[in-house]
Amino acid sequence: MKRTLAAAAVLAALMPFAAQAQFAKPEDAIKYRQSSFSLLGAHFGRIGAMVNGRIPYDAKIAGENAALVATLSKLPGAAFPAGSEAGGTPPTRAKAEIWKDTAKFQAAYDKMVTETAKLPAAAGDAGTLKTAFGAAAATCKACHDDFRRD
Ligand code: ASC
């Protein structure tokens, strides 16, 4: 058991980009990324509601949601293995461009991770949070425009 764990730790350290190996089937990857985007959107949306005045600003709640967003943003990126594009089941809005221009997709994704990572530090001040939220939302939109079907 101990040896298995040690071997797993070594493998994990050596293969930081092997996360997609966790998906036995394309549909598992699709479900994983859709679930993580759904949670990401839910917590990002709570910050959005605050900075857009739909609910009162609360630094503690903003901070909690920002921390979740910063963590959740890191999840879906590893869940776009080849073969998980649209056309199979479950339905996905992922465009073929993701696999045609992987570098562009990765760069757009990385921008989102970078901007959402700034939210926790920004959450303590309503004005700062609004600016950081806007920058992060722009990275969401950029990726949706290029890589997600309507
Ligand atoms: C959100 C959310 C997104 C982004 C995007 C920004 O609140 O869930 O996906 O903002 O709509 O344009």
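Residues numbered from 1 in each chain as written. Predicted model: local features only at pLDDT ≥ 70, side-chain atom pairs only at ≥ 80, totals over all residues. Heavy atoms only, no water.

**Student:** Which residues make up the site of the ligand, and what values go with them?
**Tutor:** Around the ligand sit Gly 41, Phe 44, Ala 137, Cys 140, Lys 141 and His 144, and those are all the residues in its vicinity. When the ligand is considered free in solution it has 310 Å² of accessible area, and contact with the protein chains removes 59% of it. Comparing atom positions with the cavity grids shows the ligand to sit within the largest pocket. Listing elements by their share of the shell around the ligand, those giving two or more residues are α2 (26-51) and α7 (126-147). (Near = heavy atom within 4 Å. Areas by Shrake-Rupley, 256 points an atom, 1.4 Å probe, with all protein chains shown as cover. 1 Å grid on protein atoms, 1.4 Å probe; cavity = no way out; pocket = protein on both sides within 12 Å on 5 of 7 lines; lining within 4 Å. Sits in = over half its atoms within 2 Å of the grid points. Helix = DSSP H or I, 4+ residues; strand = E, 2+ residues; numbered from the N terminus.)

**Student:** Explain the packing of α2 against helix α3 (residues 59-72) to me, using residue names and the numbers behind them.
**Tutor:** As a packed pair, α2 and α3 sit with axes 9 Å apart at the nearest point and diverge in direction by 145°. By crossing handedness, the relation of α2 to α3 is classed as left-handed. Of the residues in α3, those in contact with Leu 39, Leu 40, His 43, Phe 44, Arg 46, Ile 47 and Met 50 of α2 are Ile 61, Ala 62, Asn 65, Ala 66, Leu 68, Val 69 and Leu 72. (Axes fitted to C-alpha atoms, helices over the stretch in contact; angles between N-to-C directions. Left-handed = near helix turned anticlockwise from the far one by under 90°. Contact = heavy atoms within 4.5 Å.)

**Student:** For the layout of surface pockets, give the residues involved together with the corresponding values.
**Tutor:** Estimates place the volume of the largest pocket at around 570 Å³. Of all the secondary-structure elements, those providing two or more residues to the lining of the largest pocket are α2, α5 (102-116) and α7. With six residues, the top contributor of residues to the lining of the largest pocket is α2. Across the lining of the largest pocket, the residue classes tally to 14 nonpolar, four polar and three charged. (Points joined across faces, edges and corners; volume = space filled by probe spheres on them. Nonpolar A, V, L, I, M, F, W, Y, C, P; charged D, E, K, R; others polar.)

**Student:** Residues and numbers for the packing of α5 against α7, please.
**Tutor:** One can describe the packing of α5 onto α7 by two numbers: an axis separation of 8 Å at closest approach and a directional angle of 160°. Of the possible angle classes, the one that applies to α5 and α7 is roughly antiparallel. As α5 packs across α7, the resulting crossing turns out to be left-handed. Within the contact between the two elements, α5 uses Lys 104, Phe 105, Ala 108, Tyr 109, Lys 111, Met 112, Glu 115 and Thr 116 and α7 uses Ala 135, Ala 136, Thr 139, Cys 140, Cys 143, Asp 146 and Phe 147. Residues of the contact of α5 with α7, tallied by class, amount to nine nonpolar, two polar and four charged. (Parallel < 35°, antiparallel > 145°, perpendicular 65-115°, else oblique.)

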